[in-house]
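Architecture at a glance
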Amino acid sequence: MTEPVVPPVSGPIVRPRRLRTTPALRRMVAETSLEARQLVLPVFVREGLDAPRPIGSMPGVVQHTRGSLLKAVTEAAELGLGGVMLFGIPSAKDAVGSGAIDPAGILNVAIADVVAEVGDALTVMSDLCLDEFTDHGHCGVLAADGSVDNDRTLAVYAEMARAHAAAGVDMVGPSGMMDGQVRVIREALDAAQHTDVSILAYSAKYASAFFGPFREAVDSSLVGDRRTYQQDPGNAVEGVRETLLDVAEGADIVMVKPALAYLDVIRRVRDAVDVPVAAYNVSGEYAMLEAAAANGWIDRESAILETLTSIRRAGADIVLTYWAAEAARLLARR
């Protein structure tokens, strides 16, 4: 039997695979970079601990003692990270979060500790919010009807900003989503001659289910939700509007939080502003990947770098992530 005649196949002229042939070539044409300097490590320091305390829903993350915090930030500096974001967990809370403005409060002493330890080798950032310090767990002072009083809260934020600056912080991160918070904080810092302290504004922060493990990390007292001040997850245009307001009020950097469920918002914000854009790879995003990896369902290290690259690709110049130190080590091995 005669074999059928197969006509010759004309190969493609354009072959995108040519630029994927070798590792060196792939590196050369890579559109998005992921570097240690772009990563910020969030760290928790708890008052009264004598040893680091693991956070069950965030494997590998701990509540630090003041001593173990210094080891963590020294490592962060040695790895070339961009910065650390400090969260303080007090031993006592009250209705107005007075520990947040106490010079001897855990967050303020931690700022001073870290600045003394790493100097200019690392950008020292502080979470400027009341939720860790209030016995009701909200990000502000409550009115008589139980709602969060925006303007009374702003007055406390101004005091908190001055306290952080006096402790030596490089950058404050107002995360409470109070209207006008950036303007009030900028004015307070400038009036106290802290004009060089910059503001990383949590500009588009959503009322997200992905914050769950963070509540354990800071021993949150919250009952209910924060939907009257954090944004609705369905609103992207509003996220850009909030961001533009913060830029107009003096924000030096703006941030979208969470990151993975809001990659489209990161891109919209990046296209709308001319200041650096940050994104927070939050606790729930961290916990999901760690759980999948623990079950053998994904390649953990590859998934970490792919996740962080996706946030950079969406437009974030800076990524806050609990994997910052590990990611820096992985990148150094490439």
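Here the structure is shown first, and the text comes after it.
From a predicted model like this one, the values you see are computed outputs, not experimental measurements.

Let us now look at the pairing of strand 9 (residues 277-281). In terms of burial, strand 9 is largely enclosed, as five of its five residues are buried. Because side chains alternate across strand 9, one face comprises the buried residues V277, A279 and N281, and the other comprises A278 and Y280, equally buried. Judged from the three bridges that link them, strand 8 (residues 253-257) and strand 9 form a sheet pairing that is parallel. In the strand pairing of strand 9, V256 is matched with A279. Between strand 8 and its parallel partner strand 9, the chain crosses via helix 8 (residues 263-272), and the hand of that crossover is right-handed. Across four bridges, the pairing between strand 9 and strand 10 (residues 318-321) is parallel. Opposite Y280, over in strand 10, you have L320 as the bridge partner.

Taken as a whole, the largest pocket holds about 630 Å³ of empty space. Considering the residues around the largest pocket, the lining is formed by 18 residues, among which A30, T32, L34, T309 and R334 are closest to the centre. Counting residues per element, the ones that place at least two in the lining of the largest pocket are helix 1 (23-28), helix 10 (300-314) and helix 11 (324-333). Its residues placed into classes, the lining of the largest pocket shows five nonpolar, four polar and nine charged.

Considering the arrangement of structural elements, one finds A163 in helix 4 (residues 150-167). For A163, a relative accessible area of 16% gives the class buried. When the C-alpha positions of A163 and P103 are compared, they lie 6.4 Å apart, and in sequence the two are 60 residues distant. If sequence neighbours within four positions are ignored, A163 has contacts with I101 and N108.

Attention now goes to empty space enclosed by the protein. What the rule picks out here adds up to one cavity of 30 Å³ or more. Taken as a whole, the largest cavity spans an internal volume of roughly 130 Å³. Those elements that provide at least two residues to the lining of the largest cavity are strand 7 (198-205) and helix 6 (212-217). Per-class residue counts for the lining of the largest cavity are eight nonpolar, four polar and six charged.

Applying the stated criterion across every chain, the model contains twelve salt bridges. With its nearest N and O atoms 2.9 Å apart, the salt bridge here joins R37 to E35. Residue classification places R37 among the exposed residues on the basis of a relative accessible area of 55%. The partner of R66 in a salt bridge is D113, and the shortest N-O contact between them spans 2.7 Å. Taken together, the residues R66 in helix 2 (residues 66-78) and D113 in helix 3 (residues 106-118) connect sequence positions 47 residues apart. Its relative accessible area of 17% is what places D113 among the buried residues.

Reading guide: rules and limits
Residues numbered from 1 in each chain as written. Predicted model: local features only at pLDDT ≥ 70, side-chain atom pairs only at ≥ 80, totals over all residues. Heavy atoms only, no water. Buried < 20%, exposed > 50% of the residue type's maximum accessible area, 1.4 Å probe, protein only. Helix = DSSP H or I, 4+ residues; strand = E, 2+ residues; numbered from the N terminus. Pairing = 2+ DSSP bridges. Right-handed = clockwise from strand over helix to strand, strands pointing away. 1 Å grid on protein atoms, 1.4 Å probe; cavity = no way out; pocket = protein on both sides within 12 Å on 5 of 7 lines; lining within 4 Å. Points joined across faces, edges and corners; volume = space filled by probe spheres on them. Nonpolar A, V, L, I, M, F, W, Y, C, P; charged D, E, K, R; others polar. Contact = heavy atoms within 4.5 Å. Salt bridge = Lys/Arg side-chain N within 4 Å of Asp/Glu carboxyl O.

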